[in-house]
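# An overview of the molecular structure
So the chains spell out like this:
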Amino acid sequence: MDLAISLYFTRAELILSLSGLALLLLAAWRSDSGRLVSLLSVAALIGASAWTANLMANSAFEFGGDAFAGLYRMDALGNLAKLLIYFAAIISIIIAPRYLKKMGGMRAEYPILILFAVIGMSIMVSANDLITLYIGLELNSLAAYVLASFVRSDERSAEAGLKYFVLGALASGILLYGMSLLYGFTGSTNFDLIGKALAGDIGLGSLFGIVFVLSGMAFKISAAPFHMWTPDVYEGAPTPVTAFFASAPKVAATILVVRLAITAFGEQAAAWQQIIIVVALMSIIIGAVGAIGQQNLKRLLAYSSINNIGFLLIGLAAGSAQGVAAMLVYLIIYVAMTLGGFICLMQLRGRGGEYREGLSDIAGLSKTRPLLALAMAVFMFSLAGIPPLFGFWGKLVVFQAAVAAGLLPLAVIGIAASVIGAFYYLKIVKLMYFDEASDALVADDDKTLAITGGALALAVSPLGYLAIPALTAITTRAAGALAF
């Protein structure tokens, strides 16, 4: 009976696993199966999304449940994160074929690697044990290393994959060392049992374990000071892959950090809150300042993602259900803004058909590509948190949660740093609307990118405020799945 329940809870992962294996065989038998495999991968992700939504809507599982003897937890928090991950993966698959074909790297393995990475992320967001955490994390990471170097003919892509692999291995070592310390000093790898063992006075060994585990996770979410890989990998990887890296893995790793902090380390909030506050402030400031001098749009968006992770962590630093709910609201809006920004970037093509990424390439874009310039302006203003765009709401609820938790100085510093970050977003808008038009770009006729980017632009426009009641209800329920 327990096995049946476990398989029932993990049916979304089973759908993706079986689909990935079947599609891998299909790709091996048919060399021209790239388009078909992409379509079937999207279908598998839609099926997994439907099952996950069914679990969320089922009142019998309102309080969730454990699978495989507590190794895996099915609850509203994990289900919401999975839906967001599946959405980002679907977008990353449908926007990729034309770009990768132009770069000479479109193969059926691309959507399959996305599927396997998503399986790892699904395990991560439902992990309730350090062993489950590591299995999910490595399954995601191994697929991500290959994706970063997917275009073998591009030296930048190969370099990005190598850098990601080497630094990822270092981060995994740090994480494993922290896990071994926690196991040694608490006697368990289960999050709930670790939380009970950490009640009362904390020993130096356990404290070191918490520090090392959070340091390893900070690398995975590209939070400062463990962000050094992000600009190089984002610039070198193919743009659809970069869009995927900036969205889905961020969701998975962030939710995993939330589970660790609240469930495993909840009894020692005073210890981990200081770490989260420092990391949040460093990420906000380094992300904002580091982006100012960038001339490559992908590197600029990489620093933007570091900056946004800092704002997300302010919600976690609050250490309350309100803070986690605000964090989830911000995360949902962030995924839409980031995917939209990279989709706009993919529509910048030179006269030779090559893809352009330079900041100077978008000069006067409003005169040559007015709709593209408008969509990009919407995403940039929203990332800057300028009202009335929906990105403003994400920052507002995070700062409100920090103030409610008594972290007024943190909120004030965050608001001040967001002004610095607004500089480079406004610089992009200024280039598009006030500089002389560049003749380096030609019109792009990719309707998939235009439709997808337009839909995401509408989502983060003032129309997004219509979704606030639904977002509030969903995120509040998801945050309530944690025991505060």
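Our structure is the block above this text.
These lines cover the structure that appears in this document, whether it is placed above or below. Nothing here was measured: the structure is a model prediction, and the numbers come from that model.

Cut-offs applied
- Residues numbered from 1 in each chain as written.
- Predicted model: local features only at pLDDT ≥ 70, side-chain atom pairs only at ≥ 80, totals over all residues.
- Heavy atoms only, no water.
- Helix = DSSP H or I, 4+ residues; strand = E, 2+ residues; numbered from the N terminus.
- Rg over C-alpha atoms; globule rule 2.2 N^0.38 Å.
- Buried < 20%, exposed > 50% of the residue type's maximum accessible area, 1.4 Å probe, protein only.
- Contact = heavy atoms within 4.5 Å.
- Areas by Shrake-Rupley, 256 points an atom, 1.4 Å probe, with all protein chains shown as cover.
- Lys, Arg positive; Asp, Glu negative; His and termini not counted.
- Charge placed at Lys NZ, Arg CZ, Asp CG, Glu CD.
- Patch = residues over 30% accessible without salt bridge, like charges linked within 9 Å, V, L, I, M, F, W, Y side chains within 5 Å.
- Salt bridge = Lys/Arg side-chain N within 4 Å of Asp/Glu carboxyl O.
- Core = buried A, V, L, I, M, F, W, Y, C linked by side-chain atoms within 4.5 Å.
- Axes fitted to C-alpha atoms, helices over the stretch in contact; angles between N-to-C directions.
- Parallel < 35°, antiparallel > 145°, perpendicular 65-115°, else oblique.
- Left-handed = near helix turned anticlockwise from the far one by under 90°.
- Nonpolar A, V, L, I, M, F, W, Y, C, P; charged D, E, K, R; others polar.
- Expected span 1.5 Å × (residues − 1).
- Phe/Tyr/Trp six-rings, centres within 6.5 Å; stacked < 30°, edge-to-face > 60°.

### Thoughts on the overall build of the protein chain
Counting its secondary structure elements, the protein chain contains 22 helices and 4 strands. Its C-alpha atoms give the protein chain a radius of gyration of 21 Å, near enough to 23 Å, the size a compact globule of 484 residues would have. Buried residues in the protein chain amount to 61% of all 484 residues. Nonlocal contacts in the protein chain, meaning residues at least 24 apart in sequence, comprise 81% of its contacts between residues at least 6 apart. Carbon together with sulfur atoms contributes 69% to the accessible area of the protein chain, which is approximately 18,000 Å² in total. Charge separation in the protein chain, taken as the distance between the mean sites of 28 positive and 26 negative side-chain charges, equals 6 Å.

### Considerations on a nonpolar patch on the surface
Residues I285, V289, I292, I413, I420 and F423 make up a contiguous nonpolar surface patch of roughly 480 Å² in combined accessible area. Secondary-structure assignment places F423 in helix α20 (residues 408-434).

### Focus: the side chain of S92
Mapped onto the elements, S92 comes out in helix α4 (residues 76-94). With a relative accessible area of 0%, S92 lands in the buried category. In this structure, S92 is in contact with Y110, P240, A243, F244 and L339, ignoring residues within four places of it in sequence.

### Quick word on unusual backbone geometry
Omega for the bond connecting A224 with P225 falls within 30 degrees of zero, at 5°, which places this linkage in the cis form. By secondary structure assignment, the location of P225 is in the loop between α10 (204-220) and α11 (230-236). The omega torsion of the bond from P387 to P388 falls at 10°, within 30 degrees of zero and hence cis. Examined against the element boundaries, P388 turns out to sit in the loop between α18 (370-384) and α19 (390-404). Phi at F68 takes a positive value of approximately 50°, unusual for a residue other than glycine. With respect to the helices, strands and loops of the structure, F68 is situated in the loop between β1 (65-67) and β2 (72-74). Its identity as a non-glycine residue notwithstanding, S222 has a phi of 50°, on the positive side.

### Some words on the pattern of salt bridges
According to the stated counting rule, one finds 14 salt bridges in the structure shown. With a shortest N-O distance of 3.8 Å, R156 and E235 are connected by a salt bridge. In this pair, R156 is assigned in helix α8 (residues 155-186) and E235 in helix α11, connecting sequence segments 79 residues apart. The partner of R156 in a salt bridge is E357, with the nearest N and O atoms 3.2 Å apart.

### Thoughts on the nonpolar core
In this structure, V118, L133, F244, F245, F265, L313 and L316 are the most contacted members of the largest nonpolar core, which totals 179 residues. Of the residues forming this core, the biggest block, 18 residues, is contributed by helix α16 (residues 321-345). Beyond its immediate chain neighbours, meaning those up to four positions away, F265 contacts L182, L198, I210, V213, L214, L260 and W272.

### Observations regarding the environment of Q400
Looking at the element boundaries, Q400 is found in helix α19. Spatially, the C-alpha atom of Q400 lies 9.8 Å from that of A318, the residues being 82 residues apart in sequence.

### Notes on the packing of helix α13 (residues 248-264) against helix α15 (residues 297-317)
It is the contact of α13 with α15, at a shortest axis distance of 12 Å, that shows an interaxial angle of 30°. With respect to α15, the element α13 is oriented roughly parallel. The interaxial crossing formed by α13 with α15 has right-handed handedness. Side by side, α13 and α15 meet where K250, T254, V257, V258, A261 and I262 of the first sit next to S305, I309 and L316 of the second. Residues of the contact of α13 with α15, tallied by class, amount to 6 nonpolar, 2 polar and 1 charged.

### A closer look at α4
Over its 19 residues, α4 runs 27 Å from end to end, which matches the ideal 27 Å to within 8%, given 1.5 Å per residue. Burial of α4 is extensive: 16 of the 19 residues sit out of reach of the surface.

### Digging into the packing of aromatic side chains
With the rule as written, the count across this model stands at 18 aromatic pairs. Considering the side-chain rings of Y145 and Y164, the 5.2 Å spacing of their centres and the 85° angle between planes classify their relative orientation as edge-to-face. Residue Y145 is found in helix α7 (residues 130-148), and its partner Y164 is found in helix α8; the two are separated by 19 residues along the sequence. Of the two residues examined, Y145 and Y164, each falls in the buried class.

### So, α16
Taking 1.5 Å per residue, 25 residues should reach 36 Å; α16 reaches 36 Å between its end C-alpha atoms and fits that length. Of all 25 residues in α16, 22 are buried; the element is thus mostly enclosed.

### So, the environment of A317
On the secondary structure map, A317 appears in helix α15. Linking A317 and V278, residues 39 residues apart in sequence, is a C-alpha distance of 9.6 Å. What A317 contacts, discounting residues up to four positions off in sequence, is Q273, I276, I277, L407 and L410.

Nothing here speaks to function; it is all geometry.
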